[in-house]
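Remarks on the overall topology
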Amino acid sequence: MSSVSGRRYRCMVARTATTPVASQRGQRVADMRSRLGARLRTAGFGVALVVVSALLFLLSRYHFLLFHSLVELLAIITSALFFTVAVVMLRRAGHDFLFLLATGFFFSGIIDLVHTLAYKGMGVFPSYAANLPTQLWILARYLESLVILGSCLWLGRTLKRWWVPPLGVGVVAAITISLAFLRLLPVAYVEGYGLTQFKILSEYVIIGLLLLAMAIIWRKRRFLSSWTIWWLGFA
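Computed from a predicted structure; not experimentally measured. (Residues numbered from 1 in each chain as written. Predicted model: local features only at pLDDT ≥ 70, side-chain atom pairs only at ≥ 80, totals over all residues. Heavy atoms only, no water.)

Aromatic ring pairs: the centre-centre distance and the angle between the two ring planes describe each pair. A full pass over the atoms with the stated rule returns nine aromatic pairs. Aromatic side chains Tyr 128 and Phe 181 sit 5.4 Å apart centroid to centroid with 85 degrees between the ring planes, which places their arrangement in the edge-to-face category. Linking Tyr 128 in the loop between α3 (96-118) and α4 (131-154) with Phe 181 in helix α5 (residues 164-181), this pair joins segments that are 53 residues apart in sequence. For Tyr 128, a relative accessible area of 22% puts it in the partly exposed group. Grouped by ring-pair contacts, the aromatic residues Phe 83, Phe 99, Phe 106, Phe 107 and Trp 162 constitute a single cluster. Note that Arg 141 overlies the ring of Trp 137, its terminal NZ or CZ placed 5.3 Å from the centroid. (Phe/Tyr/Trp six-rings, centres within 6.5 Å; stacked < 30°, edge-to-face > 60°. Helix = DSSP H or I, 4+ residues; strand = E, 2+ residues; numbered from the N terminus. Buried < 20%, exposed > 50% of the residue type's maximum accessible area, 1.4 Å probe, protein only. Lys NZ or Arg CZ within 6 Å of the ring centre and 35° of its normal.)

Following this line, the structure appears as structure tokens:
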């Protein structure tokens, strides 16, 4: 009896000793699978991006108006989905920075929608020339860059009234669209001449605003993950 008990005791000790080792091996295998899955998803995203870009390039060579409309609509749908997700995350987790960014993208997407409809060849606003869609495109980029800069400045604070940013940015978007249709904005495109100094200088100003926003994000990087900072810079 004593020898049987001894064998049972040694078996129990052996199982107890090997359990942490097996657990560690299982954890390593799970980590490897997780990293492999992440790499496969990244590679799949890259391949899909290359394929879609190639198809869009071919489409632009065949029918530029259709290409322009599809690209703009894709960006508009993406901005709307981004805003929807940001609203849900704000209510559940309080992601103020994400919500502010999404607000800017959503209303710039609305301006982009009007820009798409006003584009030359669409025939929606026949009394307006190519100047109107060019102005609307610049307005959307101005609104987008200013909201991104404001969001970066706000990073680290708490948003108490969630409805204030959408209301304010929405009013600004509506006013700027109205000013464009009333022909009260600087001319951005002249038929037979091309882009004006206002359009060209505005692009440099927008680039400067975005660079300033990235500098602020880098200074406040402790509030964001490295993954978020990388994707913001890529965008």
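Looking now at the packing of α4 against helix α6 (residues 197-219). If you want to describe how two helices pack, look at the angle between their axes and the distance between the axes. Across the interface, α4 lies against α6 with an axial gap of 9 Å and an inter-helix angle of 20 degrees. By the angle class used here, α4 and α6 are roughly parallel. Once α4 is placed against α6, the crossing between them reads as left-handed. In this structure, α4 uses Thr 134, Trp 137, Ile 138, Arg 141, Tyr 142, Ser 145, Leu 146, Ile 148, Leu 149, Cys 152 and Leu 153 to contact α6, whose residues at the interface are Phe 198, Lys 199, Ser 202, Glu 203, Val 205, Ile 206, Leu 209, Leu 210, Leu 212, Ala 213, Ile 216 and Ile 217. Broken down by class, the residue content of the contact of α4 with α6 amounts to 17 nonpolar, three polar and three charged. (Axes fitted to C-alpha atoms, helices over the stretch in contact; angles between N-to-C directions. Parallel < 35°, antiparallel > 145°, perpendicular 65-115°, else oblique. Left-handed = near helix turned anticlockwise from the far one by under 90°. Contact = heavy atoms within 4.5 Å. Nonpolar A, V, L, I, M, F, W, Y, C, P; charged D, E, K, R; others polar.)

What follows covers unusual backbone geometry. The phi dihedral of Arg 183 is positive, around 60 degrees, even though this residue is not glycine. In this fold, Arg 183 is placed in the loop between α5 and β1 (189-190).

Let's shift gears to the packing of α3 against α5. Orientation of α3 relative to α5, taken along the N-to-C sense of each, is 20 degrees, at an axis distance of 10 Å. With respect to each other, α3 and α5 are oriented roughly parallel. The two elements α3 and α5 cross, and the hand of that crossing is right-handed. Side by side, α3 and α5 meet where Phe 99, Leu 100, Thr 103, Phe 107, Ile 111 and Val 114 of the first sit next to Pro 165, Pro 166, Val 169, Gly 170, Ala 173, Thr 176, Ile 177 and Phe 181 of the second.

Tallying each qualifying case throughout the model produces four salt bridges. Lys 120 is the salt-bridge partner of Glu 191, the closest N and O atoms lying 3.8 Å from each other. Taken as a pair, Glu 191 in the loop between β1 and β2 (194-195) and Lys 120 in the loop between α3 and α4 lie far apart in primary sequence, 71 residues in all. Note on Lys 120: relative accessible area 57%, which makes it exposed. A salt bridge links Glu 203 to Lys 199, with the shortest nitrogen-to-oxygen separation between them at 2.2 Å. Placement of both Glu 203 and Lys 199 in helix α6 is noted, with a separation of four residues, approximately one turn of the helix. Taken together, the salt bridges that share partners define one network made up of Asp 112, Arg 141 and Glu 144. (Salt bridge = Lys/Arg side-chain N within 4 Å of Asp/Glu carboxyl O.)

Further remarks concern a nonpolar patch on the surface. Together, Leu 73, Ile 77, Leu 81, Leu 113, Leu 117, Met 122 and Val 124 give the surface a local cluster of nonpolar side chains, amounting to about 560 Å² of exposed area. Residue assignment for the nonpolar patch shows that the elements contributing at least two residues are α2 (64-93) and α3. Broken down by element, the residue count for the nonpolar patch peaks at three residues, all from α2. One can find Leu 113 in helix α3. (Patch = residues over 30% accessible without salt bridge, like charges linked within 9 Å, V, L, I, M, F, W, Y side chains within 5 Å. Areas by Shrake-Rupley, 256 points an atom, 1.4 Å probe, with all protein chains shown as cover.)

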